[in-house]
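Below are the chains, spelled out letter by letter.
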Amino acid sequence: MEIPEQIALVTGATSGIGKAITLALSKAGFQVIALGRDPVALEQMQHTSGVRPLALDLLDREALAGALQGEKIDVLVNNAGVIPPAVEFDQMDQNDIDATIAVNLSASLATTRLVLPGMMARKHGHVFFIGSTAGQAAFPSMAVYGATKAAISSFAVALRCDISGSGVRVTEIVAGRVETNLYKEVLNDQARTDMYGAFDAVQPEDVAAMLLSVLQMPAHVDVTRFDILPTAQFVGGGGFAKKDNE
Ligand SMILES: NC(=O)C1=CN([C@@H]2O[C@H](COP(=O)(O)OP(=O)(O)OC[C@H]3O[C@@H](n4cnc5c(N)ncnc54)[C@H](OP(=O)(O)O)[C@@H]3O)[C@@H](O)[C@H]2O)C=CC1
Ligand SMILES: CC(=O)C(N)C(=O)O
């Protein structure tokens, strides 16, 4: 009997962690729908790796729903994300607050809502969420980004309760510092090089390798969450209140 090709949808497939996951899944034999806004990057990936490009903005709900209509997705990787400028909350621009919540949280929930019923009907599927250490501990000047990732973490565990017994697995990937383009709009090149060098950052391919290992576990095993950090990085530790705001 021929085993049908499995289909994976990866959001934020044009760069960083999402790109590495897309390429790893494609190499592992999945038909990958690679979703991102950059059509040129997607076209290149189609050319070199045979992935199916899906150029759209996740915030365009109608386009997303239309594009996913009829797709029988086995693996969903909710990866797309943005990081707003690192400033204290009282200095944040409201547009940055809204955009961060919309991409990092709302878009993941919307995509999952579209894909999950089909998985449940077929009694098979795996939904991944890319969380962050910033959702597990306080990071100064990252209150909103951290809040979106804490919400993702909370959502992922609660989702498991809701769909328990359906055969669909859920995994949250809690990533520490991974060397990608995430900070390219908010830090200059030197600052990014210093930041990643200081920790010997995790590489996107490392995250992809972990995701594949989790996916390859037997169907009755769900790795509900894993943390992946540079060996030299830790999070948490005490903070001290400022004496005043002057
Ligand atoms: N790098 C790190 O240290 C860590 C990253 N993470 C998380 O990993 C995920 C991937 O980030 P990373 O690889 O680092 O960063 P990158 O900036 O390299 O990649 C972000 C991806 O998200 C896509 N994206 C952003 N906005 C939208 C949108 N509106 N619609 C569709 N796609 C969108 C981008 O595609 P395009 O521009 O083509 O739209 C891009 O492919 C994020 O959720 C991030 O929060 C978590 C912990 C640590
Ligand atoms: C941006 C992140 O999510 C992060 N964990 C980091 O350490 O930079």
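Relevant structure appears above.
Just so it is clear, the structure is predicted and the values come from calculations on it, not from any experiment. (Residues numbered from 1 in each chain as written. Chains lettered and ligands numbered in written order. Predicted model: local features only at pLDDT ≥ 70, side-chain atom pairs only at ≥ 80, totals over all residues.)

### Thoughts on the pairing of strand β3 (residues 52–55)
As paired elements, strand β2 (residues 31–36) and β3 share 4 bridges and run parallel to each other. By the bridge assignment for β3, Ile33 is matched with Arg52. Following the backbone out of β2, through helix α2 (residues 39–49) and into the adjacent parallel β3, one traces a crossover that is right-handed. (Pairing = 2+ DSSP bridges. Helix = DSSP H or I, 4+ residues; strand = E, 2+ residues; numbered from the N terminus. Right-handed = clockwise from strand over helix to strand, strands pointing away.)

### Brief notes about the environment of Lys27
For Lys27, the location among the structural elements is in helix α1 (residues 16–27). Sequence separation between Lys27 and Gly50 is 23 residues; the distance between their C-alpha atoms is 9.6 Å.

### Some points on unusual backbone geometry
A positive phi angle is found at Lys123, which is not glycine, with a value near 55°. Within the fold, Lys123 resides in the loop between α4 (94–122) and β5 (125–132). Even without being a glycine, Asp200 presents a positive backbone phi close to 50°. Take Asp200: it is sitting in the loop between α6 (189–199) and α7 (204–215). Judged by C-beta crowding, with 13 C-beta atoms within 10 Å, Asp200 ranks as partly exposed. (Buried ≥ 20, exposed ≤ 12 C-beta atoms within 10 Å, placed from the backbone.)

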